Amino acid sequence: MGSDVSGKPSGASGWASNHAWTVTLLVLLASVIVSLLVWHQLREQAREQASREFSLLNSRTVDQIESRMNDYKQVLRAGAALLESRDEISRETWRRFIERLALPEHYPGFQGVGVSLLIDPDALTEHEATVRAEGFPDYQVHPEGERARYTSIVYLEPFSGRNLAAFGYDMYSDPVRGTAMDLAVSKNVAVLSNAVTLLQESDTSVQSGVLMYLPSYYPGMPLSSVSARWRALRGFVYSPFRMGDLIAGTLGERDELVHFEIYDGLVTTDATRIYRSWQGSRPKHPEALQETLVLPLHQQVWTIRFYSTPAFSRTFLQSRGTLALLVGLTLSLLLTTVIYTLATRRQRAEMLAEKMTQDLRHTEQALRINQERHQLAMDSSSMGTWSWDLSANLITWDALLAPLFGLRSGESFDGTPGAFMMLLHPGDRERVRQELNSAAELRHEYDTEYRVIWPDGTLRHIASRARVLEMPDSNDLMMTGTCWDVTEKRRAQVMKREFVSTISHELRTPLTAISGAMGLLLGGALGTLPDAVQNLIRIANENSKRLLHLINDLLDFEKLDAGKLEFHFEHLDAQALLVNAIEVNESVAARHQASMVLRWHPANPVWLDVDAMRFQQIMANLISNAAKYSPPGGLITVSADISSGRLIIAVADQGKGIPDAFQDRVFERFAQADSSDTRRAGGTGLGLAICRELVSHMGGSIRFDSNDQGTTFYIDLPVVTDAPPTDTAQA
Ligand code: ADP
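Here's a quick rundown of the structure. Here the structure is a predicted model, which is why all the values come from computation and not from measurement.

About the cut-offs
- Residues numbered from 1 in each chain as written.
- Predicted model: local features only at pLDDT ≥ 70, side-chain atom pairs only at ≥ 80, totals over all residues.
- Heavy atoms only, no water.
- Helix = DSSP H or I, 4+ residues; strand = E, 2+ residues; numbered from the N terminus.
- Rg over C-alpha atoms; globule rule 2.2 N^0.38 Å.
- Buried < 20%, exposed > 50% of the residue type's maximum accessible area, 1.4 Å probe, protein only.
- Lys, Arg positive; Asp, Glu negative; His and termini not counted.
- Charge placed at Lys NZ, Arg CZ, Asp CG, Glu CD.
- Near = heavy atom within 4 Å.
- Polar contact = N/O pair within 3.5 Å; in protein donor to acceptor, adjacent residues only side chain to side chain.
- Areas by Shrake-Rupley, 256 points an atom, 1.4 Å probe, with all protein chains shown as cover.
- Nonpolar A, V, L, I, M, F, W, Y, C, P; charged D, E, K, R; others polar.
- Phe/Tyr/Trp six-rings, centres within 6.5 Å; stacked < 30°, edge-to-face > 60°.
- Lys NZ or Arg CZ within 6 Å of the ring centre and 35° of its normal.
- Pairing = 2+ DSSP bridges.
- Axes fitted to C-alpha atoms, helices over the stretch in contact; angles between N-to-C directions.
- Contact = heavy atoms within 4.5 Å.
- Patch = residues over 30% accessible without salt bridge, like charges linked within 9 Å, V, L, I, M, F, W, Y side chains within 5 Å.
- Salt bridge = Lys/Arg side-chain N within 4 Å of Asp/Glu carboxyl O.
- Parallel < 35°, antiparallel > 145°, perpendicular 65-115°, else oblique.
- Left-handed = near helix turned anticlockwise from the far one by under 90°.
- Arc of directions from axis to C-beta.

## Observations concerning the overall build of the chain
Looking only at helices and strands, one finds 17 helices and 23 strands in the chain. Against the 2.2 N^0.38 benchmark of 27 Å for 731 residues, the chain shows a C-alpha radius of gyration of 70 Å, more extended than a compact globule. For the chain, the C-alpha atoms occupy an extent of roughly 210 × 70 × 50 Å along the three principal directions. By the burial criterion, 41% of the 731 residues in the chain qualify as buried. Averaging the locations of the 70 positively and 87 negatively charged side chains of the chain gives two centres separated by 4 Å.

## Notes on the site of the ligand
For the ligand, the set of nearby residues contains 21 residues, the closest of which are N625, D653, Q672, T684 and L688. Contact distances for the ligand include 2.8 Å between an oxygen atom and a side-chain N or O atom of N625. Between K628 and the ligand, the recorded distance is 3.0 Å, taken from a side-chain N or O atom to an oxygen atom. Summarising the interface, the protein chains cover 97% of the accessible area of the ligand, which totals 520 Å² for the free molecule. Contributions of two or more residues to the shell around the ligand are made by α15 (612–628), α17 (687–697) and β23 (710–720). For the shell around the ligand, the element with the highest residue contribution is α15, accounting for four residues. Residue composition of the shell around the ligand, by class: nine nonpolar, 10 polar and two charged.

## What to know about the packing of aromatic side chains
Following the criterion strictly, the structure yields 25 aromatic pairs and no others. With 4.9 Å between their ring centres and 45 degrees between their planes, W21 and Y340 make a pair best called tilted. Residue W21 is located in helix α1 (residues 12–84), and its partner Y340 is located in helix α8 (residues 310–381); the two are separated by 319 residues in the primary sequence. Given the relative accessible area of 30%, Y340 is considered partly exposed. Members of the aromatic cluster, each reached through a chain of ring pairs, are Y72, Y107, F110 and F241. In this structure, R282 is placed above the aromatic ring of Y307, and the distance from its NZ or CZ to the ring centre is 3.7 Å. Of note, R703 hangs over the ring of Y714, and the distance from its end group to the ring centre comes to 4.3 Å.

## Points about the environment of Q371
Tracing the chain through its elements places Q371 in helix α8. Note: C-alpha distance between Q371 and F405 (34 residues apart in sequence) is 25 Å.

## Describing the sheet that holds strand β14 (residues 446–453)
Sheet strands pair by backbone hydrogen bonding; their relative direction is either parallel or antiparallel. The strand order across the open sheet formed by five strands is β13-β12-β16-β15-β14, and the pairing between neighbours is antiparallel. Across the chains shown, the open sheet's two edge strands, defined by having one partner strand only, are β13 (394–397) and β14. Adjacent strand axes in the sheet meet at a mean angle of 25 degrees, parallel and antiparallel pairs treated alike. Two elements, β14 and strand β15 (residues 459–470), share eight bridges in a ladder whose sense is antiparallel. Paired with R451 across the bridge in β15 is H461. This element, helix α12 (residues 487–522), spans β14, β15 and β16 (477–485) of the sheet and lies at about 125 degrees to β15.

## Description of a nonpolar patch on the surface
There is a patch of nonpolar side chains on the surface, built from L323, V327, L331 and L334 and spanning about 390 Å² of accessible area. Looking at the secondary structure, you find V327 in helix α8. Take V327: its relative accessible area is 43%, and that puts it in the partly exposed class.

## Focus: the packing of helix α14 (residues 574–591) against α15
Two elements in contact, α14 and α15, have axes separated by 9 Å at closest approach and are oriented at 40 degrees. The orientation of α14 with respect to α15, classified from their angle, is oblique. Like other packed secondary-structure pairs, α14 and α15 cross with a definite hand, here right-handed. On α15, the residues that touch L577, L578, N580, A581, N585, V588 and A589 of α14 are F615, Q616, M619, A620, I623, S624 and A627. For the contact of α14 with α15, the class distribution of residues is 10 nonpolar, four polar and no charged.

## Looking at unusual backbone geometry
Cis geometry marks the peptide bond from H142 to P143; its omega dihedral reads 0 degrees. On the secondary structure map, P143 appears in the loop between α4 (124–133) and β4 (150–157). Going from E157 to P158, the amide bond is cis rather than trans, its omega being -5 degrees. For P158, the location among the structural elements is in the loop between β4 and α5 (175–187). Not every positive phi belongs to a glycine, and A102 is a case in point at roughly 45 degrees. Mapped onto the fold, A102 is located in the loop between α2 (91–101) and α3 (103–106). In this model, N393 sits at a positive phi of 50 degrees, which is unusual for a non-glycine residue. If you trace the backbone, N393 turns up in the loop between β12 (384–389) and β13.

## Thoughts on α2
Among the residues of α2, R91, T93, W94, F97, I98 and L101 are the ones counted as buried. Considered in projection along α2, the buried side chains sweep an arc of 165 degrees and stay on one side of the axis. When the buried face of α2 is taken as reference, the exposed residues oriented beyond 90 degrees from it are E99 and R100. Positive phi appears at A102, one or two residues downstream of α2, with a value of about 45 degrees.

## Structural notes on the side chain of Q111
The topology assignment puts Q111 in the loop between α3 and β3 (113–119). By relative accessible area, Q111 is classed as buried at 14%. In contact with Q111, not counting residues within four places along its chain, are P158, R162, N163, Q200, P240, F241, R242 and D245.

## Side note on the packing of α15 against α17
Contact pair α15 / α17: the axes reach a minimum separation of 10 Å and the direction vectors enclose 145 degrees. Between α15 and α17 lies a crossing of left-handed hand. Counted together, R614, Q617, I618, N621, L622 and N625 of α15 and G687, L688, I690, C691, L694 and V695 of α17 form the full contact between these two elements. Here the contact of α15 with α17 is composed, by residue class, of seven nonpolar, four polar and one charged.

## Section: the environment of Q49
Position of Q49 among the secondary structure elements: in helix α1. Spatially, the C-alpha atom of Q49 lies 8.7 Å from that of L317, the residues being 268 residues apart in sequence.

In structure tokens:
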């Protein structure tokens, strides 16, 4: 479970990822559905609202038409009243009357207002003669023909333009107009006619027309019955209307929200249509609303059919719904993004928590394993652990430690460093105290060995190693370490040392005697020996010398190890020491056909504080190695330089160098490069190990550089600056 190596989520986290996606998709789906529902709801509301608005607009249109028609009726009434108030009426009177009404200004849509007089057939000729006499010689009641009843449009204002065509027209002769006139008399009300083509329609853009009639009677006559009214009838005050002009005048400037058409009567066909508010074809659109209203109008019925326009839909439908949908979808997307972010953040947090839990589990496991290993190691090594809390100055130790100090388990000391010191051999107490303090102060690793005297008097050697820790919270220091018993190891070392030294001493004495005897033989103490014998003796002598050399090295080493090698430090002239080293080892170099040279660079005398014999032992070893590995005729250069207050002595040869693989082990005991060359050169492999110990005892260090062109060993020793040299400068 958790993350795999590629970091991709797997297992539970994979499930979490799917879960996050599912939640996000569900939220997206739900919010889109809600948006659509809201959008739909809003559209429904908008539709209802639009439909109300549409009806309102239509009703207003109808009201306007109705109200304007009533206005016209009032004008006709006024005209009729004027007629009835006088016995005679002149053309001029009528003109002024109409002029006073300022029709175009107050009642736009009027084509005109006129008087159609009723003429008895007997009086027709006289009537025509009278009107002709008024200055209209062409006047004639038309159409011609015999009729029981004549009417004629005598006055019509404005008496100009289209209206002149109607002058003298007998409207009663036309069935449509005649029917309206009959109705006006029989009901004694204003009556609107059905659609006609007005006589005023002279040009090509013919509009449908209607006429409104109001009967006008001679004053003082009874009007109670239809026949009485006919007898009393003087004529009709009337108005012709061109439908287009009428609607334009009635409704004025309209915004194009609604189109409508008006039908004469209840039947809606092309034939009955008397008005259409649009030109050309009506634009179709999906949201179109439609309404049909019937308008009863002065004994007439108009059917008006309304249609909403695209502009109406844009104004009342689209904006709200579309905006709501856009806002809804945007909110859905936002919500989805937020949910996704939250879901994945939670998922990431869960993954992180899971990983941290795993890490913790691993750490706990590792800790547990480590503890177990540690315990096993401690159990099998009889190693005890201890801690010294430096701020509390208190030492605590575990149960394994008490036996190392000769205490029974459970038996302890009071934990103070002072009490601990009392467990140590008196000869080691001060040293250990200093070592502990210095390690604590410098935060160094503490690594030491001391003797312990048990309560029963047994002497034991204890090794101890510790580190200083800084506590993370308090910055307090804590030294924690281990102790283990090294008594047996020390005993074995002593025994070995004693064994080696005993054997070496036992070997050295007879070997020296053998070597001396052979030297005498070779020196001719017994006269000249035959060549073959001389050769054998020489080989035996060389080998016994090598053996002696080995034994001396071994003894030196054991002494160094046991700290028993004694040094006699003196202030000595370094240059003199090196000149001496060259002289003494000249023969060794010569034996290997190598020559030697000393290059002394320091400007002033240099003094060293060294043991002369041990210094020469070091030089002899380095020069003999250089000679052994020099090619025939090679040059061994011994040089000296001062650097940073130290004398650097270098012994360089021109040999093949130390093999790379061996370079790390050059200073180890008995270490020799495993090559035929080395074997041939002989040696013990102890020389450089001894050199390093000796140099270190004299406060110096040793190192080397080697390549296939040669090897250079460097010793650097501290230079004595202040102390005066002793007399015994020379070794
Ligand atoms: P040994 O007695 O064998 O010379 P050393 O400790 O003096 O012992 O040298 C250890 C080994 O280091 C030698 O056996 C040799 O392999 C290598 N060695 C030391 N000095 C040189 C040198 N100048 N050139 C090449 N190899 C060297």
